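# A structural walkthrough
Each chain, written out:
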Amino acid sequence: MTSSTIRPASDYPPGGDAFRHRHLIGIAQLTPWEISYVLDAAEEWVDLNRSGAAKHDDRLAGLTIINAFFENSTRTLLSFEIAGKRLGADVVNMHAAQSSVKKGETLIDTAMTLNAMRADAMVIRHGSSGAVQLIADKVDCPVLNAGDGRHEHPTQALLDALTIRRRLGRVEGLTIAICGDVLHSRVARSNILALTLLGNEVRVVAPATLTPPAVDRMHVTTFTDMDEGLKDADVVMMLRLQNERMDGAYLPSAREYHALYGLTPKRLEKAKPDAIVMHPGPMNRGVEIDSSVADHPTRSTITEQVEMGVAVRMACLDILTRRQRGVAGWN
Amino acid sequence: MELRPLLITNARLLGSEIGSLLVTEGRIAALNPNETPDGTETVDAKGQWLAPGIIDLGVFATDKPAFHFGGITRAALMPDAGPLDDPGLVERAAKGGKPDLWVHPVAAATKGLVGKELAEIGLMKSAGARAIATGRTRIADSGVMRRVLAYAASLDLVTIIHAEDEGLTAGAVATDGEMATRLGLASAPAIAEAIAIARDLALVEETGAPVHFRQVTTARGLDLIRAAKAKGLPVLCGITPAHLFLADTAIGDFRTFARLSPPLRSEDNRLACLAAVADGTIDVLSSGHDPRGPEDKRLPFAEALPGMAGAETLLAFGLNLVRDGHVTPARLFDMLAATPARLLGLNAGRLAVGMEADLILIDDGTPWQVDAKKMAAYAGNTPFDGMPVQGRATAMWKGGLRVR
């Protein structure tokens, strides 16, 4: 598979060539070194965010960022809002519940309205796969995908990769088990793409009813037995199980799911002794993950993921607005 | 306007030998006539193909400019708009295109196409319905389907079926596979088609009712049809060019113009469809013409409505099948005209004495490019946008009268 023409993930080209995209729609469009570039940029923001009182940088001062969320979200919206504000941008949030989307306006019309307000970047979440690309094709500013249907959630995959890299010292050559409702999960899709691209062995551990068709074509191995799937894993990445999946259509009950696929301390023993446990949140404690695992002081990375989220989003907002801001080398 | 006799000379009849054809009183009077009546108008075809006007079996809108561009002289209108479940509506639909386009309404099999109660099939037949159909979905209730088939058969009407199992396809907008998984689209297994076909073939075997599966798009579905035909069951099936020339990779980048019903299939299934065209399992090639504007298509993939504007590209992709060696020109026009005419009970669709003079001239070599922005149809939702094709209708007569 390796070829001399493929640039290693650790080596990215100078200037604007390091990230040659107008938008961040998905991991599918990225190269390994583009991912590394974002992660390296985010590292600097981690330091700033930890620096006490002066968590501020004014490089986006005067720019307007619209967070247009057509689907409910608390943590991702908050994370993007804080990221924008720490960079000095004027951040505006639009919630579908308060918007004209409910009055029958089409998505394109809403996008054109936001565009006319001269946003300098838009962060969009939508319940339908492909909706963010549809908007990106119509507006003049960079668009960041904050989750579209079951398709992609690229900043989540980037923050997960950063978390793994910081905890384990690398994010390549690892065995990573992604467990739970993979079928309906955009987090899983973006993570599968990012982690396989960076050279890890990715496993999908899910009930047969929640395993996407032909997912092995994305270079993963699939497991329906969780104990087998976790064997010798370096990273156990849990997914949130939506309540509506537990009503009998996909799964018999929450308690059966917990019995077969819940991450208990005992089950975690199958993984490597120092394996880390990740979850994108919000968690269903006692369903997909036991509290003792979720709150484990050394193995759980769940709050660290939230912290990395802000840093990664700051990096993405910074990188994607460099063209407007006339940063040298970024034409 | 009085109809003058018409002689078309120097034409390749059905794409083969050069010959001529005489039309009097709106009907084909002779092939290669030795003499012609006084006052005959002569048209020199200059070596172009002469073929029967296309009879498009199963369209969702009466879209005359698109049909005329595509060489379509008659269209069987599916019952979904309306729906056509009432004799008055059928009668009105039948008058929709006259005189230069004949619309043959296909009546709804059940009231409101809901799949519960029989529609007034007999009265709709009297009003001009030429067949009945289950619409865009199948009839889920096997008991209702059995009664529909038996009743329609007693009235000498063919039942046109959409074959997809509703349990498997609920909520799905694509076929299971790598493409749907990567795009994060809800998908259904391709066997949803074979399951539906298997049930209806069992009902056909029991009732003896003639049926036409409007679109069969999977290898397993086609195997079932092949076996049923070998048993002598009164079964026909059709397809549109989309499933012959596109696989599910066409939905990449969430292209809603490629959102179809049934959804595009894997490459294996596409190749099986081409083989079934070549071996005669597939009887009918139709456009499935379903023009849809931006309000229905410029949406996230799963929210967009299925369907494509196919009338203008039907002939060109049919000619592709000839050029690629899958069918002879004569068989192509069986698929495009003769078999649909037989199914609908029309005295048309062939170059034979006594047939209605619905004729087209075809320049089979003209190259052109499909352009969604420049379509004659009232919406340009074609999944073939940008593709180069060859061949188009250059002249058209309906009942001996020049249309274009």
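Given the structure is predicted, the values throughout are model-derived calculations rather than measurements.

### Notes on the packing of aromatic side chains
Scanning all chains against the criterion turns up six aromatic pairs over all chains. Taken together, a centroid distance of 5.6 Å and an interplanar angle of 70° make the contact between F69(B) and W368(B) edge-to-face. With F69(B) in helix α1 (residues 64–69) and W368(B) in strand β16 (residues 359–369), the pair connects residues that are 299 residues apart, well separated along the chain. Residue F69(B) is classed as partly exposed on the basis of its relative accessible area, which comes to 23%. The structure contains a cluster of three or more aromatic residues connected by ring pairs, namely Y12(A), Y37(A) and W330(A). Between K98(B) and the ring centre of W102(B), over which it is positioned, the NZ or CZ distance is 4.6 Å. Positioned over the ring face of W368(B) is R392(B), at 5.0 Å from the centre of the ring.

### Some details on the interface of chain B and chain A
For interface size, the figure often reported is the accessible area lost on association. On the side of chain A, 21 residues touch chain B, which itself brings 18 residues to the contact. With both chains or domains summed, chain B and chain A bury close to 1600 Å², and 58% of this area falls on carbon and sulfur atoms. If you sort the residues of chain B by the area they bury against chain A, T181(B), R182(B) and R298(B) come out on top, with a joint share of 37%. Taken together, the connections running from chain B to chain A amount to one salt bridge. Taking the shortest distance from any N to any O, the salt bridge between R217(A) and E178(B) comes out at 2.7 Å. Taken together, the links from chain B to chain A amount to six residue pairs in polar contact (both at pLDDT 80 or more). With four residues, helix α6 (residues 178–183) of chain B is the single largest residue contributor to the side of chain B that touches chain A. Tallied by class, residues from the side of chain B that touches chain A come to eight nonpolar, four polar and six charged.

### Focus: the pattern of salt bridges
Residue and element names in this part refer to chain B. Per the counting criterion, the structure on display carries 39 salt bridges over all chains. Here R270 ties to E267 by a salt bridge, and the two come within 3.0 Å at their closest N and O atoms. Taken together, the residues span about one helical turn, with R270 and E267 both in helix α10 (residues 267–278) at a distance of three residues. Classification of R270 as buried rests on a relative accessible area of 16%.

### As for helix α3 (residues 107–116) of chain A
Spacing of three or four residues puts side chains on the same side of an α-helix, whose turn is 3.6 residues. All names here are of chain A. Taken together, the buried positions of α3 are L107, I108, T110, A111, L114 and N115. Viewed along the axis of α3, the buried residues span an arc of 160°, placing them on a single side of the element. In this structure, the buried side of α3 is in contact with β1 (64–69), β2 (90–95), β3 (121–126) and α4 (131–136). Of the residues flanking the end of α3, it is R118, one or two places downstream, whose phi is positive at about 60°.

### Description of the side chain of T134(B)
Residue and element names in this part refer to chain B. Mapped onto the elements, T134 comes out in the loop between β9 (131–133) and α4 (142–154). For T134, a relative accessible area of 3% puts it in the buried group. Within the structure, T134 has its side chain in polar contact with the backbone nitrogen of H162 (distance 3.2 Å). With sequence-adjacent residues up to four places away left out, T134 is seen in contact with L113, I139, M145, I160, I161 and H162.

### Quick notes on unusual backbone geometry
Look at the link from G281(A) to P282(A): it is a cis peptide, with omega at -10°. One can find P282(A) in the loop between β9 (276–278) and α10 (291–294). For the bond running from S261(B) to P262(B), omega is -5°, close enough to zero to count as cis. Look at R118(A): it is not a glycine, yet its phi comes out positive at around 60°. On the secondary structure map, R118(A) appears in the loop between α3 and β3. By relative accessible area, R118(A) is classed as exposed at 68%. Residue N10(B) is not a glycine yet carries a positive backbone phi of 55°. Tracing the backbone through its elements, the reader meets N10(B) in strand β1 (residues 6–13). A relative accessible area of 33% places N10(B) in the partly exposed class.

### Points about a nonpolar patch on the surface
The grouping of L168(B), I191(B) and I195(B) at the surface amounts to a nonpolar patch, some 200 Å² of accessible area in total. For L168(B), the location among the structural elements is in helix α5 (residues 166–169).

### Focus: the sheet that holds β2(A)
All names here are of chain A. Sheet architecture is open: four strands sit in the order β2-β1-β3-β4, paired in parallel fashion. Looking along the sheet, the strands with just one partner apiece sit at the ends: β2 and β4 (143–148). Strand-to-strand twist across the sheet, computed as the mean angle between neighbouring axes with direction ignored, equals 10°. As defined by bridge partners, β3 adjoins β4 across four bridges and the pair is classed as parallel. Its bridge partner being in β4, V123 is matched across the sheet by L144.

### Notes on the pairing of β1(A)
Residue and element names in this part refer to chain A. Within β1, five of the six residues are buried, which leaves it mostly tucked inside the rest of the structure. Looking at chain direction, β1 and β2 are connected through six bridges and run parallel. The residue of β2 that forms the bridge with T64 is D90. Taking the sense of rotation as the criterion, the β-α-β connection linking β1, helix α2 (residues 75–86) and β2 turns out right-handed.

Rules of the game
Residues numbered from 1 in each chain as written. Chains lettered and ligands numbered in written order. Predicted model: local features only at pLDDT ≥ 70, side-chain atom pairs only at ≥ 80, totals over all residues. Heavy atoms only, no water. Phe/Tyr/Trp six-rings, centres within 6.5 Å; stacked < 30°, edge-to-face > 60°. Helix = DSSP H or I, 4+ residues; strand = E, 2+ residues; numbered from the N terminus. Buried < 20%, exposed > 50% of the residue type's maximum accessible area, 1.4 Å probe, protein only. Lys NZ or Arg CZ within 6 Å of the ring centre and 35° of its normal. Contact = heavy atoms within 4.5 Å. Buried area = accessible area lost by both parts, 1.4 Å probe. Salt bridge = Lys/Arg side-chain N within 4 Å of Asp/Glu carboxyl O. Polar contact = N/O pair within 3.5 Å; in protein donor to acceptor, adjacent residues only side chain to side chain. Nonpolar A, V, L, I, M, F, W, Y, C, P; charged D, E, K, R; others polar. Arc of directions from axis to C-beta. Patch = residues over 30% accessible without salt bridge, like charges linked within 9 Å, V, L, I, M, F, W, Y side chains within 5 Å. Areas by Shrake-Rupley, 256 points an atom, 1.4 Å probe, with all protein chains shown as cover. Pairing = 2+ DSSP bridges. Axes fitted to C-alpha atoms, helices over the stretch in contact; angles between N-to-C directions. Right-handed = clockwise from strand over helix to strand, strands pointing away.

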